[in-house]
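Coordinates in review
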Amino acid sequence: IMGLLDFSAPRKLALAPADLNAVVQRSAGMVKHEMTKARLTLDLDLSADLPPLALDVFKLQQVLVNVLTNAAHATPPGGRITARTYRRGVRLVSDGFETGDEVIILEVDDSGSGIPEEALGKLFDPFFTTKPTGKGTGLGLAVSRQIVEMHGGSINIGNRPEGGARVTIAFNVLKERA
C-alpha cells in the first residue's frame with residue numbers, strides 16, 4: 001500500500017548534503033540478512049573522491065534497498081552482487097545530462113541470468129513484475145525511477161555482456177552543487 005501511495009502521490013524530497021557512499025553502505029547493511037540467507041556475496045567498490053550530493057537519504061535508501069533486493073532475487077546461491085560508485089564526465093547528451101557535465105554513477109551488478117529481452121522495456125511500468133505471483137507488486141522500480149528523477153538523476157537497467165544485469169543510477173554533480 002505504501003508503494004502505491006508513493007507512486008500515486010510522490011512526496012517532496014528532504015534534500016541535504018550527503019555522502020552517496022554512506023547511503024550505499026547503510027542500504028547494504030539493510031539487505032545483509034537477505035544476502036546471507038540467499039548465500040550471496042555483496043561487494044562494495046566505492047570511490048573515495050566523491051563530492052557530497054543533495055540527497056533525500058531515506059528515499060534514496062528506499063531505491064537502493066529495492067535494487068539490491070531485486071538483484072538478490074535474480075542471483076542464484078553462490079552468486080555475487082557488486083555495488084560501485086565513481087565519477088565521470090559526460091561525452092554525449094543523454095538522460096538529461098549535457099556534454100561537459102560531471103556525474104556521479106552508482107552501479108549495481110548481479111551475476112544472475114539477466115533480464116528477458118521482452119521485459120527490458122517494461123521494467124519501470126507500474127505493476128509490471130517478472131516475479132512469480134505473490135512475490136512482487138511491480139511498484140518497486142516504478143517508485144525507484146520516480147525518486148531518482150526527483151533528484152534530477154537517471155536510472156537505467158540492462159543486461160551485461162558477461163551475464164547478469166546492471167542498474168545504473170546517475171546524478172549530475174553540477175546541478176546538485178547548485
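Residues numbered from 1 in each chain as written. Predicted model: local features only at pLDDT ≥ 70, side-chain atom pairs only at ≥ 80, totals over all residues. Heavy atoms only, no water.

1. Examining the nonpolar core
Residues Leu20, Leu55, Leu60, Ile81, Val108 and Ile169 are the most contacted members of the largest nonpolar core, which totals 37 residues. Counting only elements with at least two residues in this core, the list comes to helix 2 (20-30), strand 3 (53-55), helix 4 (57-74), strand 4 (80-89), strand 5 (102-110), helix 6 (140-150), strand 6 (154-159) and strand 7 (165-172). In terms of residue count, helix 4 provides more of this core than any other element does, eight residues in total. Aside from chain neighbours lying at most four places away, what touches Leu60 is Leu20, Val23, Leu55, Ile147 and Phe171. (Core = buried A, V, L, I, M, F, W, Y, C linked by side-chain atoms within 4.5 Å. Buried < 20%, exposed > 50% of the residue type's maximum accessible area, 1.4 Å probe, protein only. Helix = DSSP H or I, 4+ residues; strand = E, 2+ residues; numbered from the N terminus. Contact = heavy atoms within 4.5 Å.)

2. Details of the pattern of salt bridges
Taken as a whole and assessed by the stated rule, the structure comprises nine salt bridges. Between Glu107 and Arg84 there is a salt bridge whose closest N-O contact spans 2.9 Å. Residue Glu107 is found in strand 5, and its partner Arg84 is found in strand 4; the two are separated by 23 residues along the sequence. Judged on exposure class, the residue Glu107 and its partner Arg84 are both buried. Between Asp109 and Arg166 there is a salt bridge whose closest N-O contact spans 2.6 Å. Taken together, the residues Asp109 in strand 5 and Arg166 in strand 7 connect sequence positions 57 residues apart. (Salt bridge = Lys/Arg side-chain N within 4 Å of Asp/Glu carboxyl O.)

It is worth stressing that arrangement in space is one thing and function is another; only the former is reported here.
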